[in-house]
Amino acid sequence: DGGITQSPKYLFRKEGQNVTLSCEQNLNHDAMYWYRQDPGQGLRLIYYSQIVNDFQKGDIAEGYSVSREKKESFPLTVTSAQKNPTAFYLCASSLNLNQPQHFGDGTRLSIL
Amino acid sequence: DAKTTQPTSMDCAEGRAANLPCNHSTISGNEYVYWYRQIHSQGPQYIIHGLKNNETNEMASLIITEDRKSSTLILPHATLRDTAVYYCIVRVVSQGGSEKLVFGKGTKLTVNP
């Protein structure tokens, strides 16, 4: 079935370590996005990519990095510079920037 | 900030229609209204979107007022699996031209047996 796969579902990190969250889609979508969700809150945009080899900062990009080397993959790295990394991270994709976004099931990141 | 206002919570009886309201009084002429829902610990699920005409798909109907300042999402026959947080979103285009979805806190819909 076509869809968006995020892995792992749960991730633990020690303070000071970088960690990379995976997002893969087989929907042939050009655009991909990363959001962060904190308890009881809505989603906030971290980074987005309109097309392969291109990406733009969202509202809360500090402490995060991304790459878009392949159309189907948009990994997010949470660096040690991110002061409050504990959150629920959601990846989404859309056919292009004007079409509805479809989401993966998220990765819950916790700091040990 | 989200450009929409929704009630914090609503209840609905199983089998009845669930009508979820949303106010978006500052919506501009080229902005669409999107609805998503999120079941606990899962990613948001796209439901429907519209500009000014009413829309219907296999999941729901969207009724937009003539002045476009408010809308209503209708789930015609709610089931227990429709219990979720429902987000009404006005599509915002940021400075960089992104298709940014601004999620507010949504409406927690509880469908009761």
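Residues numbered from 1 in each chain as written. Chains lettered and ligands numbered in written order. Predicted model: local features only at pLDDT ≥ 70, side-chain atom pairs only at ≥ 80, totals over all residues. Heavy atoms only, no water.

Draft legend 1. Quick look at the overall build of chain B. Summing up its helical and strand segments, chain B has zero helices and eleven strands in all. Counting from the amino terminus, helix and strand elements in chain B follow one another as β-β-β-β-β-β-β-β-β-β-β. Relative to the compact-globule value of 13 Å for 113 residues, chain B shows a C-alpha radius of gyration of 14 Å, a close match. Counting only C-alpha atoms, chain B reaches 45 × 30 × 25 Å along its principal axes. Put simply, chain B has 113 residues, and 45% of those count as buried. A fraction of 56% describes how many contacts in chain B between residues 6 or more apart in sequence connect residues 24 or more apart. Accessible area of chain B: about 5800 Å², with a carbon and sulfur share of 47%. Across chain B, 11 positive and 10 negative side-chain charges occur, with their mean positions spaced 4 Å apart. (Helix = DSSP H or I, 4+ residues; strand = E, 2+ residues; numbered from the N terminus. Rg over C-alpha atoms; globule rule 2.2 N^0.38 Å. Buried < 20%, exposed > 50% of the residue type's maximum accessible area, 1.4 Å probe, protein only. Contact = heavy atoms within 4.5 Å. Areas by Shrake-Rupley, 256 points an atom, 1.4 Å probe, with all protein chains shown as cover. Lys, Arg positive; Asp, Glu negative; His and termini not counted. Charge placed at Lys NZ, Arg CZ, Asp CG, Glu CD.)

Draft legend 2. Representation of the nonpolar core within the structure. Residue and element names in this part refer to chain B. Counting residues in each nonpolar core, the largest one holds 21 residues, and the members touching the most others are Trp-35, Leu-73, Tyr-86 and Leu-109. For this core, the secondary structure elements donating two or more residues are strand E2 (18–23), strand E3 (33–38), strand E4 (45–50), strand E6 (61–64), strand E7 (70–75), strand E8 (84–90) and strand E11 (107–112). Filtering out sequence-adjacent residues up to four positions away, Tyr-86 remains in contact with Gln-6, Leu-20, Trp-35, Tyr-36, Arg-37, Ile-47, Leu-73, Leu-75, Gly-106, Thr-107 and Leu-109. (Core = buried A, V, L, I, M, F, W, Y, C linked by side-chain atoms within 4.5 Å.)

Draft legend 3. Summary view of the interface of chain A and chain B. Contacts between the two partners involve 23 residues from chain A and, on the opposite side, 20 residues from chain B. Together chain A and chain B conceal approximately 1600 Å² of surface at their shared face, both sides included; 52% is due to carbon and sulfur atoms. Where chain A packs against chain B, one counts zero salt bridges. Along the contact surface separating chain A from chain B lie three residue pairs in polar contact (both at pLDDT 80 or more). Among the secondary structure elements, those contributing two or more residues to the side of chain A that touches chain B are strand E4 (31–37), strand E5 (43–49), strand E9 (87–94) and strand E10 (102–103) of chain A. Its residues placed into classes, the side of chain A that touches chain B shows ten nonpolar, nine polar and four charged. (Buried area = accessible area lost by both parts, 1.4 Å probe. Salt bridge = Lys/Arg side-chain N within 4 Å of Asp/Glu carboxyl O. Polar contact = N/O pair within 3.5 Å; in protein donor to acceptor, adjacent residues only side chain to side chain. Nonpolar A, V, L, I, M, F, W, Y, C, P; charged D, E, K, R; others polar.)

Draft legend 4. Region of interest: the pattern of salt bridges. For the structure shown, the criterion picks out five salt bridges over all chains. The salt bridge partner of Arg44(A) is Asp38(A), with a shortest N-O separation of 2.8 Å. Classification of Arg44(A) by relative accessible area gives partly exposed; the value is 38%. Between Lys3(B) and Glu31(B) there is a salt bridge, with the nearest N and O atoms lying 2.9 Å from each other. Of this pair, Lys3(B) sits in the segment before strand E1 (9–13) while Glu31(B) sits in the loop between E2 and E3, placing them 28 residues apart in sequence. Since its relative accessible area comes to 10%, Glu31(B) is described here as buried.

Draft legend 5. The arrangement of the pairing of E6(B) in detail. Residues and elements named next belong to chain B. Where strand E5 (residues 55–56) meets E6, two bridges bridge the pair, whose relative direction is antiparallel. The residue of E6 that forms the bridge with Thr-56 is Ser-61. Once E5 ends, the chain turns through four residues before running back antiparallel as E6. Examined bridge by bridge, E6 and E7 share four bridges and lie antiparallel to one another. Note that in E7 the partner of Ile-63 across the bridge is Thr-72. Counted along the chain from E6 to the antiparallel partner E7, the turn is five residues long, and its residue Arg-68 has a positive phi close to 65 degrees. (Pairing = 2+ DSSP bridges.)

Draft legend 6. Quick peek at the packing of aromatic side chains. Following the criterion strictly, the structure yields six aromatic pairs over all chains and no others. Taken together, Tyr33(A), Tyr35(A), Phe103(A), Tyr36(B) and Tyr46(B) form an aromatic cluster joined through their ring pairs. Directly above the ring of Phe74(A) sits Arg68(A), whose terminal nitrogen or CZ lies 6.0 Å from the centroid. Sitting over the ring of Phe88(A), Arg108(A) keeps its end group 4.4 Å from the ring centre. (Phe/Tyr/Trp six-rings, centres within 6.5 Å; stacked < 30°, edge-to-face > 60°. Lys NZ or Arg CZ within 6 Å of the ring centre and 35° of its normal.)

Draft legend 7. Layout of the sheet that holds E4(B). All names here are of chain B. Across the sheet, five strands lie side by side as E1-E11-E8-E3-E4; this open sheet has mixed pairing. Every interior strand has two partners, whereas the edge strands, E1 and E4, have only one. When strand polarity is set aside, the average angle formed by the axes of neighbouring strands in this sheet is 25 degrees. Two strands pair when backbone bridges link them, and E8 and E11 are joined in this way by three bridges, in the antiparallel orientation. The partner of Val-85 across the bridge, within E11, is Lys-108. (Axes fitted to C-alpha atoms, helices over the stretch in contact; angles between N-to-C directions.)

Draft legend 8. Geometry of the sheet that holds E2(B). Spatially, four strands are ordered E2-E7-E6-E5 (chain B) in an open sheet, and the strand pairing comes out antiparallel. Edge strands, defined here as strands with exactly one partner in the open sheet, are E2 and E5 of chain B.

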